[in-house]
There are 2 protein chains.
Amino acid sequence: MNFCSDCGRPVSLLVPPDDNRMRHVCDHCGTIHYQNPKMVIGSIPVWDLARESGETKVLLCRRAIEPRHGYWTLPAGFMENEETTGEAAQRETMEEAGARIELQGLYSLLNVPHVHQVHLFYRARLLDLDFAAGTESLEVKLFAEHQIPWDEIAFPTVSHTLKFFFSDLAAHRSGASFGFHTMDIRKRMRD
Amino acid sequence: MNFCSDCGRPVSLLVPPDDNRMRHVCDHCGTIHYQNPKMVIGSIPVWDLARESGETKVLLCRRAIEPRHGYWTLPAGFMENEETTGEAAQRETMEEAGARIELQGLYSLLNVPHVHQVHLFYRARLLDLDFAAGTESLEVKLFAEHQIPWDEIAFPTVSHTLKFFFSDLAAHRSGASFGFHTMDIRKRMRD
């Protein structure tokens, strides 16, 4: 940030009075421009073949955009103003995977403080199999647990959420309920 | 937003290519300035007198700032970059109530889409009684359920979280575990 978005004059980086953090403050009009973390919201779209084969499959998207072009992810993206977290999960699942879902509750919250993000995933039931890759996906495909391309998952928040999910799924078949999972993912230090 | 924070030239409100929402886009350098919801994070600081009187008290702060000056709230505030949701809850509880807490898990997530906010509250155990009003609080005080000033609570997200909490607390005494609560708070339509 170099200029004030209110008046167009240069900003300085300083600690305002009654504050304890550096902020971008306009030299001219004094507006303080706060910067805050963003939410990335997604879903775990599940197709349950329990009756036929006992298998549960999850819908993944292969990314057509950077970062992590060509890697697999759960459908997810930045939450927009004037929507709820649930609406964001449904919208992103439609945009990236062309998939209609029924939300089944918030399932994971993962902090990624070094990129100023919080990722949230909902468990969801796929309503039909008429999904299709959106403009940000190369392909969209259902995976059983043993088919998940673990080495080609785009983001740690996605691989952790998938691991939580399949672990809970096994317990769920023995009668346990799905939990709610939180996790902090810190930047890996260099060796 | 009137000017580009990158180059200082005017911005226009338009739908960029491959997008479906109005964004502030710089007329000169083309930068798209996305605006996203902010997270407000707080805690429910609990002092448990179960052994002495069977009572559980919650710490509330009376606001010294607008909006809702003079009204009571749980300690909470905007999450900052480079911190986790848990760190934000602890920092805000220290800043507003001078209180040291141990977090006991994420407890509520409340969408407030018309103000572009998501509010999150953690259950927390007060570590001692050495709390004191911070610069944004007029006073800080412990309340048992029957003492809560329901008509003087600053925000619906706080009153709903307190109601969830005291309801769960009653069930908890009979052996149930505290849940995780989500809720959407829509703008009230005019009559």
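Conventions used here
Numbers given to residues run from 1 along each chain, matching the order in which its sequence is written. Whichever chain is written first becomes A and whichever ligand is written first becomes 1, with later ones labelled in order. Per-residue local features of the predicted model are confined to residues with pLDDT of at least 70, and side-chain atom pairs are confined, for both listing and counting, to 80 or more; whole-chain, interface and lining totals are unaffected and use all residues. Only hydrogens and water are set aside when side-chain values are computed; all heavy atoms of the structure are taken into account. Strands here mean DSSP runs of E at least two residues long; helices mean DSSP runs of H or I at least four residues long; both are numbered from the N terminus. Exposure classes here rest on a 1.4 Å probe applied to the protein chains alone. A residue is buried below 20% of its type maximum, exposed above 50%, and partly exposed in between. Salt bridge, as applied in this entry: a Lys or Arg side-chain nitrogen positioned within 4 Å of an Asp or Glu carboxyl oxygen. By definition, residues are in contact when any of their heavy atoms lie within 4.5 Å. Take the accessible area each of two parts loses on contact, using a 1.4 Å probe, and add the two losses: that sum is the buried area. Two N or O atoms count as a polar contact when they lie within 3.5 Å, although within protein this holds only if one can serve as hydrogen donor and the other as acceptor, and sequence-adjacent residues are included solely when both atoms are side-chain atoms. Each residue gets one of three labels, nonpolar for Ala, Val, Leu, Ile, Met, Phe, Trp, Tyr, Cys and Pro, charged for Asp, Glu, Lys and Arg, and polar for the others, Gly among them. Ring pairs are drawn from Phe, Tyr and Trp, using the six-membered ring of Trp, whenever the two centres fall within 6.5 Å, and their geometry is named by plane angle: stacked under 30 degrees, edge-to-face over 60, tilted for the rest. Charges are assigned to positions over rings by a cutoff of 6 Å between ring centre and Lys NZ or Arg CZ, combined with an angular limit of 35 degrees from the ring normal. When charges are counted, neither His nor the chain ends are considered; positive counts come from Lys and Arg and negative counts from Asp and Glu. The criterion for strand pairing is that DSSP finds at least two bridges linking the strands in question. A least-squares superposition brings the copies together, and it is based on the C-alpha atoms of residues with pLDDT no lower than 70 in both.

Let us now look at unusual backbone geometry. Residue P67(A) is reached from E66(A) by a cis peptide bond, and omega for that bond is -5 degrees. You will see that D18(A), though not glycine, has its phi angle at about 65 degrees, which is positive. Mapped onto the elements, D18(A) comes out in the loop between β1 (11-14) and β2 (23-26). Under the relative-accessibility criterion, D18(A) is labelled exposed at 84%. A positive phi angle is found at H116(B), which is not glycine, with a value near 60 degrees. Its place among the elements puts H116(B) in the loop between β8 (101-112) and β9 (117-126).

Per the stated rule, a full pass over the model turns up 24 salt bridges over all chains. Salt-bridge contacts for E139(B) lead to R62(B); the nearest nitrogen and oxygen are separated by 2.8 Å. In this pair, E139(B) sits in strand β10 (residues 137-143) while R62(B) sits in strand β5 (residues 55-63), placing the two residues 77 residues apart along the sequence. On the accessibility criterion, E139(B) (30% relative accessible area) is partly exposed. A relative accessible area of 25% places R62(B) in the partly exposed class. Through salt bridges that share partners, D19(A), R21(A), R23(A), E80(B), E83(B), R91(B), E92(B) and E95(B) make up one connected network.

Turning our eyes to something else, we now look at the interface of chain B and chain A. How big an interface is tends to be stated in terms of accessible area lost as the parts join. If you look at the interface, chain B gives 39 residues, while chain A gives 39 residues. Approximately 3400 Å² of surface area, both sides summed, lies buried where chain B meets chain A, with 50% of it carried by carbon and sulfur atoms. On the chain B side of the contact with chain A, P37(B), E80(B) and N81(B) bury the most area, a combined 16% of that side's loss. Where chain B packs against chain A, one counts eight salt bridges. Put simply, R23(B) and E80(A) hold a salt bridge, and the shortest N to O gap is 2.6 Å. At the junction of chain B with chain A, the criterion picks out 20 residue pairs in polar contact (both at pLDDT 80 or more). Those elements that provide at least two residues to the side of chain B that touches chain A are β4 (38-49), α1 (85-97), β8, β9 and β11 (181-184) of chain B. Ranked by the residues each element gives to the side of chain B that touches chain A, the list is headed by α1(B), at four residues. Class assignment for the residues of the side of chain B that touches chain A results in 15 nonpolar, 12 polar and 12 charged.

All names here are of chain B. One can find P156 in helix α2 (residues 156-173). Exposure remark for P156: the relative accessible area of 43% places this residue in the partly exposed category. Sequence-wise, P156 and T73 are 83 residues apart; in three dimensions their C-alpha atoms are separated by 9.8 Å.

On to the packing of aromatic side chains. Geometrically, a pair of aromatic rings is defined through the distance of the ring centres and the angle of the planes. All names here are of chain A. In total, this model carries 11 aromatic pairs over all chains according to the counting rule given. Here the aromatic rings of W72 and F143 are separated by 4.9 Å at their centres, their planes lie at 80 degrees, and the arrangement is edge-to-face. Of this pair, W72 sits in strand β6 (residues 72-73) while F143 sits in strand β10 (residues 137-143); the two residues are 71 residues apart in sequence, bridging distant segments of the chain. For the pair formed by W72 and F143, the shared burial category is buried. Summarising the aromatic geometry, the rings of F165 and F166 are spaced 5.3 Å apart at their centres and angled 75 degrees between planes, so their arrangement reads as edge-to-face. Residue class for F165 comes out buried when judged on its relative accessible area of 2%. Members of the aromatic cluster, each reached through a chain of ring pairs, are Y107, F165, F166 and F178. Here the guanidinium or amino end of R68 rests over the ring plane of Y71, the centre of that ring lying 3.9 Å away.

What follows deals with the side chain of E96(A). Secondary-structure assignment places E96(A) in helix α1 (residues 85-97). No salt bridge is formed by the buried E96(A); its nearest oppositely charged neighbour, R63(A), is found at 5.4 Å.

All names here are of chain A. With respect to topology, three strands assemble into an open sheet ordered β1-β2-β3, the strand pairing being antiparallel. The open sheet has two edge strands, β1 and β3 (32-33), and neither has a second partner. Bridge analysis of β1 against β2 gives four bridges, and the strand direction is antiparallel. Residue pairing in the sheet places V11 in a bridge with C26 of β2.

With that out of the way, let us pick up the side chain of E83(A). Position of E83(A) among the secondary structure elements: in the loop between β7 (76-78) and α1. On the basis of relative accessible area, E83(A) is assigned to the buried category, the value being 6%. Sequence-distant contacts of E83(A), that is, excluding residues within four places in its chain, are made with F78(A), A88(A), R91(A), R21(B) and P113(B).

Looking now at the relation of the copies chain B and chain A. The operation relating chain B to chain A is a screw motion whose rotation component is 180 degrees, with 0.0 Å of axial translation and a residual RMSD of 0.0 Å. In the structure described here, the two chain copies are related by an operation that fits a two-fold rotation axis. Interface residue correspondence from chain B to chain A reaches 100%, placing this contact among same-surface, isologous pairings.

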